[in-house]
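# Analysis of the macromolecular model
Okay, here's what each chain looks like letter by letter:
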Amino acid sequence: MKTLYLIRHAKADLKNGEVADLYRPLNERGYSDAAKMSRTLKDKKVMPQLVITSPAIRTYSTAIVFCNTLDYDTSTIMLAPGLYESSAKEYLHVISEIDNECDCAFLVGHKPTITDCANRLTKPFTEEIPTCGIIGLKSTATDWKQFVKFPNELFLYDYPKNNSLLAR
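This write-up is about the structure you can find in this document. (Residues numbered from 1 in each chain as written. Predicted model: local features only at pLDDT ≥ 70, side-chain atom pairs only at ≥ 80, totals over all residues. Heavy atoms only, no water.)

Let's shift gears to the overall build of the protein. Secondary structure summary: the protein contains 5 helices and 6 strands in total. When the helices and strands of the protein are listed from N to C terminus, the series reads β-α-β-α-β-α-β-α-β-α-β. Computed over the C-alpha atoms, the radius of gyration of the protein is 15 Å, within 12% of the 15 Å expected from 2.2 N^0.38 for a compact globule of 168 residues. Judged by the C-alpha coordinates and their principal axes, the protein covers about 45 × 35 × 30 Å. When the 168 residues of the protein are sorted by exposure, 52% land in the buried category. Within the protein, residue pairs in contact and separated by at least 24 positions form 72% of the contacts whose partners lie at least 6 positions apart. Only carbon and sulfur atoms are counted for the fraction: they give 51% of the accessible area of the protein, which is about 8300 Å². In the protein, which carries 21 positive and 20 negative side-chain charges, the distance between the mean positions of the two groups comes to 6 Å. (Helix = DSSP H or I, 4+ residues; strand = E, 2+ residues; numbered from the N terminus. Rg over C-alpha atoms; globule rule 2.2 N^0.38 Å. Buried < 20%, exposed > 50% of the residue type's maximum accessible area, 1.4 Å probe, protein only. Contact = heavy atoms within 4.5 Å. Areas by Shrake-Rupley, 256 points an atom, 1.4 Å probe, with all protein chains shown as cover. Lys, Arg positive; Asp, Glu negative; His and termini not counted. Charge placed at Lys NZ, Arg CZ, Asp CG, Glu CD.)

Summed over the entire model, instances satisfying the criterion amount to 8 salt bridges. Linking Lys2 and Asp103 is a salt bridge whose minimum nitrogen-to-oxygen distance equals 2.8 Å. In this pair, Lys2 is assigned in strand β1 (residues 2-8) and Asp103 in the loop between α3 (88-96) and β4 (104-109), connecting sequence segments 101 residues apart. The exposure class of Lys2 is buried, given its relative accessible area of 2%. By relative accessible area, which is 34% here, Asp103 ends up partly exposed. Shared partners join several salt bridges into a network, and the residues in it are Arg8, Lys111 and Glu128. (Salt bridge = Lys/Arg side-chain N within 4 Å of Asp/Glu carboxyl O.)

Our next topic: the packing of aromatic side chains. To describe a pair of aromatic rings, one takes the distance between the centres and the angle between the planes. Inspection of the entire model under this criterion finds 5 aromatic pairs. Geometrically, the ring pair formed by Trp144 and Phe147 is tilted, given 5.0 Å between the ring centres and 50 degrees between the ring planes. Of this pair, Trp144 and Phe147 both sit in helix α5 (residues 144-147), 3 residues apart, roughly one helical turn. You'll find Trp144 and Phe147 in the same group, each marked buried. Ring centres 5.3 Å apart and planes at 45 degrees place the aromatic pair Tyr157 and Tyr159 in the tilted group. An aromatic cluster of three or more residues is present, and its members are Tyr5, Phe66, Phe106 and Phe155. Here the guanidinium or amino end of Lys138 rests over the ring plane of Phe155, the centre of that ring lying 5.2 Å away. (Phe/Tyr/Trp six-rings, centres within 6.5 Å; stacked < 30°, edge-to-face > 60°. Lys NZ or Arg CZ within 6 Å of the ring centre and 35° of its normal.)

We now examine the side chain of His9. Examined against the element boundaries, His9 turns out to sit in the loop between β1 and α1 (28-43). Classification of His9 by relative accessible area gives buried; the value is 7%. Within the structure, His9 has its side chain in polar contact with the side chain of Arg58 (distance 3.3 Å). Apart from residues lying up to four places away in sequence, His9 is in contact with Arg58, Thr59, Thr62, Val108, Gly109, His110, Thr131 and Cys132. (Polar contact = N/O pair within 3.5 Å; in protein donor to acceptor, adjacent residues only side chain to side chain.)

This next bit is on the pairing of β1. Counted residue by residue, β1 has 7 buried out of 7 residues, so it is predominantly covered. Of the two faces of β1, the one carrying Lys2, Leu4, Leu6 and Arg8 and the one carrying Thr3, Tyr5 and Ile7 are both buried. Alignment of β1 against strand β5 (residues 134-139), held across 6 bridges, turns out to be antiparallel. Pairing of Lys2 across the sheet is with Ser139, part of β5. Here 6 bridges tie β1 to β4, and the two strands are oriented parallel to one another. (Pairing = 2+ DSSP bridges.)

Shape descriptors only; they carry no functional weight alone.
Right, dumping it as structure tokens:
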């Protein structure tokens, strides 16, 4: 069985218009929300075997907070340039290329693409995933190339203002 957690980056700092979009950092609330959401996964004993993120500072920082909370080696975070300013098709390509030895992966990305990707991987997901929102998908697929083609089960949708780890 394959399990994928799609995570939208936490709140980014919008104050400094001098900083290029790629380099915008998380703001104080972003760090707080990432810590809160990562603790909920730790409480559920979730442990990724792979963490993939866009190279944007806000996504990478979100991934680092999650990894630190989950005691995952941050030096093994995979930067995927194709996740920045791209399409759901590119997200699906990145997912399909995950090594099949991995059964549980995190993908940290951006709006609206992270929601578009969730919609392609499960029954239509009509809400926009909020900042630091988490979508959990699982499948009986035996490899990641099948995972991106199969209808997957949405078993988790959570975000900072909800924080109840809803199972659907």
